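Each chain, letter by letter, is given below.
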Amino acid sequence: MDKSFQEKFTQIIKFEPPLYKQRHQFVKDLVEKYKPKKVADLGCADCSLLWMLKFCSCIEVLAGLDICANVMKEKMHTLSPLPVDYLQPSERSLTVTLHHGSVAHKDPCMLGFDLVTCIELIEHLEESELEKFPEVVFGFMAPSIVVISTPNSEFNPLLPRVMLYRHPDHKFEWSQAQFQSWALETARCYDYSVEFTGVGHPPTGMEKVGFCTQIGVFVRKYPQTGESVQSEKPVEAVYKTVFKAVYPSLKDEKYLQNAVISEVIFTAQIIKHRLMSKHEEDGDDPERKSKFQPSMDFFSDYLGKLVVEKNMEPFVSGNEVYIPLTTIFSFPKVNRLCGTFEKLCKLIAGKVTLSSDGSAVMFNIEHDNEEN
């Protein structure tokens, strides 16, 4: 490489967005493409990748592993559910777990993952750990997809202040040829295919240098059988769990019931408000008093359609307002939450005031006026 050309770029190379964000975005794009339900991040460090992945709607299980428990403990609170997660539970379930341990050891808690990420990990491994790494990840864990990123040493001369390695804890940094040779041999041994790419483009005219971060995406060729997993399973767990969070989910009957009750009451209150407003407008006109005439907004238009097509008309009797459950069930959100009319009835039983035959939500006008 021409020295003056090298010095020119050494002073100006700056990645935007930063290189770590490009690596994380690469993983996120892969998740959006393959839709894995279970993802493990080996060498999760400050949990920043896990934090980003927890927002991916397809993921139901997230696990992190790192040899340094203190680093995980400093940031693990970012993986805890927020108050809004309890107020508005997601339709999917999500469990996040952090483990303290080495990627050179096998533990049954790491079985069954669809995607395993190893972002800037292998260059931190001692030679003995690197020798065990392929068997642990590709042989024992055997996920459908493995993503490994590592520095490209050929890019180092373009980086300011890099003398030998980019980080003092790095045990090695490979050239493109070295990484590809190791990756191809690993893929061959464990029946994976591998494609090479990277993030952090080199300057124009220096494309041969390659990406700043080189990446290998490994895809398992054949599905792993249950027998092969079981035969490899160690007798005892070796990792220590340092954090676990189970997010509130509508798959949990408790959270589902709360959501359904809130939506039923909300829907019924709006219908009641429209009904009472129309009664006040109609006054004592006997031809109009008992009829529900929706106003011209979206909600009332939809409700009016139900009344006409399905004969599900809310009505007033004395001091009571009755909103048929069949009307409430026909609203999209209630319908989607419950699935069946029978489940709606089961979830609100004893939690919402109903008519004597259980067919309608009932409000007492006088009681509501007193509260107001």
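Keep in mind that this is a model prediction, so the values were computed, not measured.

Moving on, we come to the sheet that holds strand 7 (residues 213-220). The sheet built from eight strands is open, its strands ordered 6-7-5-4-1-2-3-8 with mixed pairing. Of all strands in the sheet, those bounded by a partner on one side alone are strand 6 (192-199) and strand 8 (240-246). Ignoring strand direction, the axes of neighbouring strands in this sheet form an average angle of 15 degrees. Of the pairings in the sheet, the one linking strand 1 (residues 38-42) to strand 2 (residues 61-66) comprises five bridges and is parallel in character. Paired with K38 across the two strands is V61, which belongs to strand 2. Against the sheet, helix 7 (residues 176-189) touches strand 5 (145-151), strand 6 and strand 7, its axis set at about 155 degrees to strand 6.

Attention shifts here to the layout of surface pockets. Quantified by volume, the largest pocket comes out at close to 820 Å³. Residue lining of the largest pocket: 33 residues in total, with G43, A45, I119, E120 and H124 positioned closest to the centre. Where the lining of the largest pocket is concerned, the elements lending two or more residues are helix 2 (19-34), helix 3 (48-53) and strand 2. When residues of the lining of the largest pocket are assigned to their parent elements, the largest contribution, four residues, is made by helix 2. By residue class, the composition of the lining of the largest pocket is 16 nonpolar, eight polar and nine charged. Here the second largest pocket is characterised by a volume of approximately 300 Å³. Lining the second largest pocket are 15 residues, with L87, Q88, P89, A259 and K333 sitting closest to its centre. Taken together, the residues of the lining of the second largest pocket sort by class into seven nonpolar, four polar and four charged.

This paragraph deals with the pairing of strand 10 (residues 320-324). Regular strands show a simple pattern: their side chains alternate between the two faces of the sheet. Within strand 10, five of the five residues are buried, which leaves the element mostly enclosed by the surrounding structure. Both faces of strand 10 are covered, namely the face carrying E320, Y322 and P324 and the face carrying V321 and I323. The antiparallel hairpin formed by strand 9 (residues 315-317) and strand 10 contains two residues in its connecting segment, where G318 sits at a positive phi of about 65 degrees.

Let's shift gears to the environment of P89. Inspection of the secondary structure assignment puts P89 in the loop between helix 5 (83-87) and strand 3 (95-100). Each C-alpha atom of the pair P89 and A259 lies 8.1 Å from the other, and the pair is 170 residues apart in sequence. Sequence-distant contacts of P89, that is, excluding residues within four places in its chain, are made with P248, S249, L250 and Y255.

Attention shifts here to the side chain of S249. With respect to the helices and strands, the residue S249 is situated in the loop between strand 8 and helix 9 (253-282). In this structure the side chain of S249 is engaged in a polar contact, spanning 3.0 Å, whose partner is the backbone nitrogen of K251. Look past the residues within four positions of S249 in its chain and what remains in contact with it is P89, S90, E91, R92, S93 and Y255.

Counting 41 residues, the largest nonpolar core has V31, L53, I59, L98, V147 and F155 as its most contacted members. Elements represented by at least two residues in this core include exactly helix 2, helix 3, strand 3, strand 4 (115-119), strand 5, strand 7 and strand 8. The biggest single contributor to this core is helix 2, with five residues. Once residues within four sequence positions are removed from consideration, I59 is found in contact with V31, P36, K37, V39, L53, R92, S93 and L94. Ranked by size, the runner-up nonpolar core spans 32 residues in total, among them V103, F113, F133 and M141.

Applying the stated criterion across every chain, the model contains 13 aromatic pairs. Ring centres 6.5 Å apart and planes at 50 degrees place the aromatic pair Y86 and Y255 in the tilted group. Of this pair, Y86 sits in helix 5 while Y255 sits in helix 9, and the two are 169 residues apart along the sequence. Residue Y255 is classed as buried on the basis of its relative accessible area of 17%. On the numbers, 6.2 Å between centres and 25 degrees between planes, the contact of F138 with Y190 is stacked. Here the residue F138 occupies a position in helix 6 (residues 127-141), and Y190 occupies one in the loop between helix 7 and strand 6, the gap between them amounting to 52 residues. Accessibility expressed as a relative area gives 2% for F138, which makes it buried. Among the aromatic residues, those joined into a cluster by ring pairs are F133, F172, W174, F179, W182 and F196.

Buried residues of helix 13 (residues 341-348): L344, L347 and I348, and no others. In a view along the axis of helix 13, the buried residues occupy a sector of 85 degrees, so they form one face of it. Within helix 13, the exposed residues directed more than 90 degrees away from the buried face are E342 and K346. Directly beyond the C-terminal end of helix 13, a positive phi value near 80 degrees is found at G350.

Bringing the pairing of strand 5 into the picture now. Burial within strand 5 is extensive, with seven of its seven residues counted as buried. By the alternation rule, side chains of strand 5 split into I145, V147, S149 and P151 and V146, I148 and T150, which are all buried. Taken together, strand 4, helix 6 and strand 5 form a β-α-β motif whose crossover is right-handed. Two elements, strand 5 and strand 7, share seven bridges in a ladder whose sense is antiparallel.

Now for the pattern of salt bridges. By the definition in use, this model includes seven salt bridges. A salt bridge links R23 to E120; its shortest N-O distance comes to 3.7 Å. Taken as a pair, R23 in helix 2 and E120 in the loop between strand 4 and helix 6 lie far apart in primary sequence, 97 residues in all. Of the two residues, R23 and E120, neither departs from the other in class, the shared state being buried. Its salt-bridge partner being R336, residue E91 comes within 2.2 Å of it at the nearest N-O pair. Of this pair, E91 sits in the loop between helix 5 and strand 3 while R336 sits in helix 12 (residues 332-338); the two residues are 245 residues apart in sequence, bridging distant segments of the chain. Judged by relative accessible area, R336 falls into the partly exposed class, the value being 48%.

Calculation notes
Residues numbered from 1 in each chain as written. Predicted model: local features only at pLDDT ≥ 70, side-chain atom pairs only at ≥ 80, totals over all residues. Heavy atoms only, no water. Pairing = 2+ DSSP bridges. Helix = DSSP H or I, 4+ residues; strand = E, 2+ residues; numbered from the N terminus. Axes fitted to C-alpha atoms, helices over the stretch in contact; angles between N-to-C directions. Contact = heavy atoms within 4.5 Å. 1 Å grid on protein atoms, 1.4 Å probe; cavity = no way out; pocket = protein on both sides within 12 Å on 5 of 7 lines; lining within 4 Å. Points joined across faces, edges and corners; volume = space filled by probe spheres on them. Nonpolar A, V, L, I, M, F, W, Y, C, P; charged D, E, K, R; others polar. Buried < 20%, exposed > 50% of the residue type's maximum accessible area, 1.4 Å probe, protein only. Polar contact = N/O pair within 3.5 Å; in protein donor to acceptor, adjacent residues only side chain to side chain. Core = buried A, V, L, I, M, F, W, Y, C linked by side-chain atoms within 4.5 Å. Phe/Tyr/Trp six-rings, centres within 6.5 Å; stacked < 30°, edge-to-face > 60°. Arc of directions from axis to C-beta. Right-handed = clockwise from strand over helix to strand, strands pointing away. Salt bridge = Lys/Arg side-chain N within 4 Å of Asp/Glu carboxyl O.

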